[in-house]
Amino acid sequence: MAVMKASAKKSSGKANAVKGSVVILLMVVAMVGYYYYLSNKGKENKAEQVEMTVAQELISRNLSTNYPPTPKEVVRYYSDITRCFYNEEYSEDEFKLLVNKAYELYDDDLQERNEYGQYLIELSKDVEYYKDNKIRVANYSVSASADVDFFKDSGYDFARLYCTYTLVSGARRQPVEEVFLLRKDESGHWRIYGWDLAENVNIEEAEE
């Protein structure tokens, strides 16, 4: 009987040792599996970010909480949307969302002068013409911050700056310089009041 008890204790000790090894092994496997899950989750998130199109990135900006802080940044964001219109691929719904973003940057007076429905129609025609004729907006350059002209008129704060767009059609490259005029609204946001070709704008007359 004594021998049997001793043998039982010895077997029990081996069993405990085996159980302990199994537990440790399971813990290691679980830790490796969790690390693998986190690593792949991070890769999936990065892949999702990489797969986002230019149009989707522009549309994803919430202008209620992340409105461009300066006149220069407003024109930059507007120009990014403009390049997207003429250069990128997007769905019909995405096109309308891009138009909405551009329209949000407009001053109230500019919106009144460009009724949304008509603006959408005219812009659609313009984009179609550019794409049919294989004309792209290769890049753009906005005035340096130091070159932004700030002034007051009729109690409003205005800002004037230049933006040069480079149009490309085949081997031909054509720079187009435009003057943007922005007005600060009651919320302190700079809105696009209007723009025109630089050659059509006489700054001295505009300041009088």
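Details of the structure are given in the entry above.
Residues numbered from 1 in each chain as written. Predicted model: local features only at pLDDT ≥ 70, side-chain atom pairs only at ≥ 80, totals over all residues. Heavy atoms only, no water.

S.K.: Sorry if this is basic, but what is going on with the overall build of the protein chain here?
M.R.: Each helix and strand counted, the protein chain has seven helices and five strands in total. The helix and strand sequence of the protein chain, counted from the amino end, reads α-α-α-α-α-α-β-β-β-β-β-α. In the protein chain, 55% of the contacts between residues at least 6 apart in sequence involve partners at least 24 apart. (Helix = DSSP H or I, 4+ residues; strand = E, 2+ residues; numbered from the N terminus. Contact = heavy atoms within 4.5 Å.)

S.K.: How do you make sense of the pairing of strand S2 (residues 149-153) when you look at a structure like this?
M.R.: Successive side chains on a regular strand alternate, one facing one side of the sheet and the next facing the other. As paired strands, S2 and strand S3 (residues 156-169) are joined by five bridges and run antiparallel to one another. Along S3, the bridge assignment pairs Asp 149 with Arg 160. Between S2 and S3, which pair antiparallel in sequence order, lie two residues; one of them, Ser 154, sits at a positive phi of approximately 55°. (Pairing = 2+ DSSP bridges.)

S.K.: Please clarify how the layout of surface pockets should be interpreted in this entry.
M.R.: Empty space among the atoms can be located by rolling a probe the size of a water molecule over them. Its boundaries defined by the atoms lining it, the largest pocket holds a volume of some 550 Å³. If you trace the largest pocket, you find 21 residues lining it, with Tyr 78, Tyr 86, Asp 126, Glu 178 and Trp 195 closest to the centre. Those elements that place two or more of their residues in the lining of the largest pocket are helix H3 (71-87), helix H5 (108-113), helix H6 (116-132), S3 and strand S4 (172-184). Per-element accounting of the lining of the largest pocket gives the leading share, six residues, to H6. Each residue belonging to the lining of the largest pocket can be placed in one class, and the counts come to 13 nonpolar, three polar and five charged. Its boundaries defined by the atoms lining it, the second largest pocket holds a volume of some 200 Å³. (1 Å grid on protein atoms, 1.4 Å probe; cavity = no way out; pocket = protein on both sides within 12 Å on 5 of 7 lines; lining within 4 Å. Points joined across faces, edges and corners; volume = space filled by probe spheres on them. Nonpolar A, V, L, I, M, F, W, Y, C, P; charged D, E, K, R; others polar.)

S.K.: Can you walk me through the pattern of salt bridges in this structure?
M.R.: If the charged atoms of two oppositely charged side chains come close together, the side chains can form a pair. Counted under the stated rule, the structure contains seven salt bridges. The salt bridge partner of Asp 149 is Arg 160, with a shortest N-O separation of 2.7 Å. Residue Asp 149 is located in strand S2, and its partner Arg 160 is located in strand S3; the two are separated by eleven residues in the primary sequence. For Arg 160, a relative accessible area of 7% gives the class buried. Several salt bridges share partner residues, and in doing so they unite Asp 107, Asp 109 and Arg 183 into one network. (Salt bridge = Lys/Arg side-chain N within 4 Å of Asp/Glu carboxyl O. Buried < 20%, exposed > 50% of the residue type's maximum accessible area, 1.4 Å probe, protein only.)

S.K.: In this structure, what is going on with the nonpolar core? I would like to understand it.
M.R.: Within soluble globular proteins, side chains that are nonpolar generally end up buried alongside one another. In terms of nonpolar packing, the biggest core is built from 42 residues, with Phe 85, Leu 98, Phe 180 and Ile 192 touching the most fellow members. Elements with a contribution of two residues or more to this core: helix H2 (54-59), H3, helix H4 (92-104), H6, strand S1 (136-142), S3, S4 and strand S5 (190-197). Here this core takes eight residues from H3, the largest share from any one element. Residues within four places of Leu 98 in sequence aside, it is in contact with Ala 55, Leu 58, Ile 59, Ile 81, Cys 84, Phe 85 and Tyr 90. (Core = buried A, V, L, I, M, F, W, Y, C linked by side-chain atoms within 4.5 Å.)

S.K.: When you look at unusual backbone geometry in this model, what are you seeing that I'm missing?
M.R.: In most cases, non-glycine residues show a negative phi, while peptide bonds are predominantly trans. In this structure, Lys 134 is a non-glycine residue whose phi angle is positive, near 55°. Residue placement: Lys 134 occurs in the loop between H6 and S1. The class of Lys 134 is exposed, set by a relative accessible area of 64%. The backbone of Ser 154 sits at a positive phi, close to 55°, despite the residue not being glycine. In this structure, Ser 154 sits in the loop between S2 and S3. You can call Ser 154 exposed: its relative accessible area is 66%.

S.K.: Would you take a moment to explain H4 for this structure?
M.R.: Residues three or four positions apart in an α-helix share a direction because the helix packs 3.6 residues into each turn. With 13 residues, H4 extends 19 Å from end C-alpha to end C-alpha; this agrees with the ideal 18 Å at 1.5 Å per step. When H4 is considered as a whole, its buried residues turn out to be Glu 94, Phe 95, Leu 98, Val 99, Lys 101, Ala 102 and Tyr 103. Against the buried residues of H4 lie H2, H3, H5 and H6. (Expected span 1.5 Å × (residues − 1).)

S.K.: Would you mind going over the environment of Ile 135 with me for this structure?
M.R.: Looking at where Ile 135 falls in the secondary structure, it is placed in the loop between H6 and S1. Using a relative accessible area of 17% as the deciding quantity, one classes Ile 135 as buried. Taking C-alpha positions, Ile 135 is 6.6 Å from Leu 167, a pair spaced 32 residues apart along the chain. Excluding anything up to four places from it in sequence, Ile 135 contacts Tyr 86, Tyr 129, Tyr 130, Leu 167, Val 168 and Ser 169.

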